[in-house]
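Structural overview for review
Below, each chain spelled out in residue letters.
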Amino acid sequence: MSERTLVLVKPDGVQRKLVGEVLSRIERKGLSLVAAELRTIDDELAAQHYAEHDGKPFFNDLLEFITSGPLLAAVVEGPRAIAAFRQLAGGTDPVEKATPGTIRGDFGLETQFNLVHGSDSAESAAREIKLWFPAL
Ligand code: RTP
Ligand code: MG
């Protein structure tokens, strides 16, 4: 059964010209793009997207970073798409958690600048897709 997930290439990934690399890995895995758009988001959308982290010590830095420039927002579809993209992304800390061969493991150094986001559950995916792509 097919499912959908929300993927972001965060502002660091766009600035480092890794959009093509990330989309290529998504497609080579066998997942499909349903929608994709370059956007610079405001604090309101950023805070809604990362609402689960409100109040944590890194929250303000996270909002500042995610609103700092254009990002690529995409909806990606395929069998087990949510877990499959998390596998492609690798763990949150690009050095301690992500392994080589993953996007974060291959291209990241710092947790704050970890290049991509992927929804972490079916509930998150439904919420995030509605938030970013209400017309879908
Ligand atoms: P994301 O939501 O962006 O896909 O990342 P994730 O699930 O792997 O990690 P999560 O725990 O949801 O954290 C969201 C983002 O916040 C930043 N962060 N910084 N300084 C820190 O300790 C810290 N912890 C998290 C990262 O950018 C992380 O991706
Ligand atoms: Mg997360």
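Treat the numbers as computed from the prediction; the structure is a model and nothing was measured.

**What to know about the site of ligand 1**
What surrounds ligand 1 is the set H53, F58, L62, T92, T111, Q112, N114, H117, G118 and D120. Looking at the shell around ligand 1 residue by residue, the classes come out as 2 nonpolar, 7 polar and 1 charged.

**Details of the sheet that holds strand 3 (residues 71-79)**
Read from one edge to the other, the open sheet built from 4 strands follows the order 2-3-1-4, with strand pairing classed as antiparallel. The open sheet is flanked by strand 2 (32-39) and strand 4 (116-118), the only strands paired with a single partner. Neighbour to neighbour, the strand axes of the sheet diverge by 20° on average, direction disregarded. Pairing analysis gives 8 bridges linking strand 1 (residues 2-9) to strand 3, with the strands arranged antiparallel. Residue V7 lies in a different strand from strand 3, and its bridge partner there is A74. The sheet strands contacting helix 7 (residues 122-132) are strand 1 and strand 3, and the helix crosses strand 1 at an angle near 60°.

**Digging into the UniProt feature "active site" (unreviewed entry) in the protein chain**
Mapped onto this numbering, the UniProt entry gives "active site" (unreviewed entry) at H117. We classify H117 as buried; it has 22 C-beta atoms within 10 Å. Among residues more than four places away in sequence, those in contact with H117 are V7, L8 and K10.

**Regarding the packing of helix 2 (residues 19-29) against helix 5 (residues 81-89)**
To characterise two packed helices, one gives the angle between the axes of the helices and the distance between these axes. Interaxial distance between helix 2 and helix 5 falls to 11 Å at its minimum, and their mutual angle equals 130°. The pairing of helix 2 with helix 5 is recorded here as oblique in orientation. Of the two possible hands of crossing, helix 2 and helix 5 adopt the one that is right-handed. Side by side, helix 2 and helix 5 meet where R25, I26 and K29 of the first sit next to A84, F85 and L88 of the second. Split by residue class, the contact of helix 2 with helix 5 holds 4 nonpolar, no polar and 2 charged.

Criteria and cut-off values
- Residues numbered from 1 in each chain as written.
- Chains lettered and ligands numbered in written order.
- Predicted model: local features only at pLDDT ≥ 70, side-chain atom pairs only at ≥ 80, totals over all residues.
- Near = placed C-beta within 6 Å.
- Nonpolar A, V, L, I, M, F, W, Y, C, P; charged D, E, K, R; others polar.
- Pairing = 2+ DSSP bridges.
- Helix = DSSP H or I, 4+ residues; strand = E, 2+ residues; numbered from the N terminus.
- Axes fitted to C-alpha atoms, helices over the stretch in contact; angles between N-to-C directions.
- Contact = placed C-beta atoms within 7 Å.
- UniProt positions renumbered as here; feature names shortened; annotations may be inferred.
- Buried ≥ 20, exposed ≤ 12 C-beta atoms within 10 Å, placed from the backbone.
- Parallel < 35°, antiparallel > 145°, perpendicular 65-115°, else oblique.
- Left-handed = near helix turned anticlockwise from the far one by under 90°.

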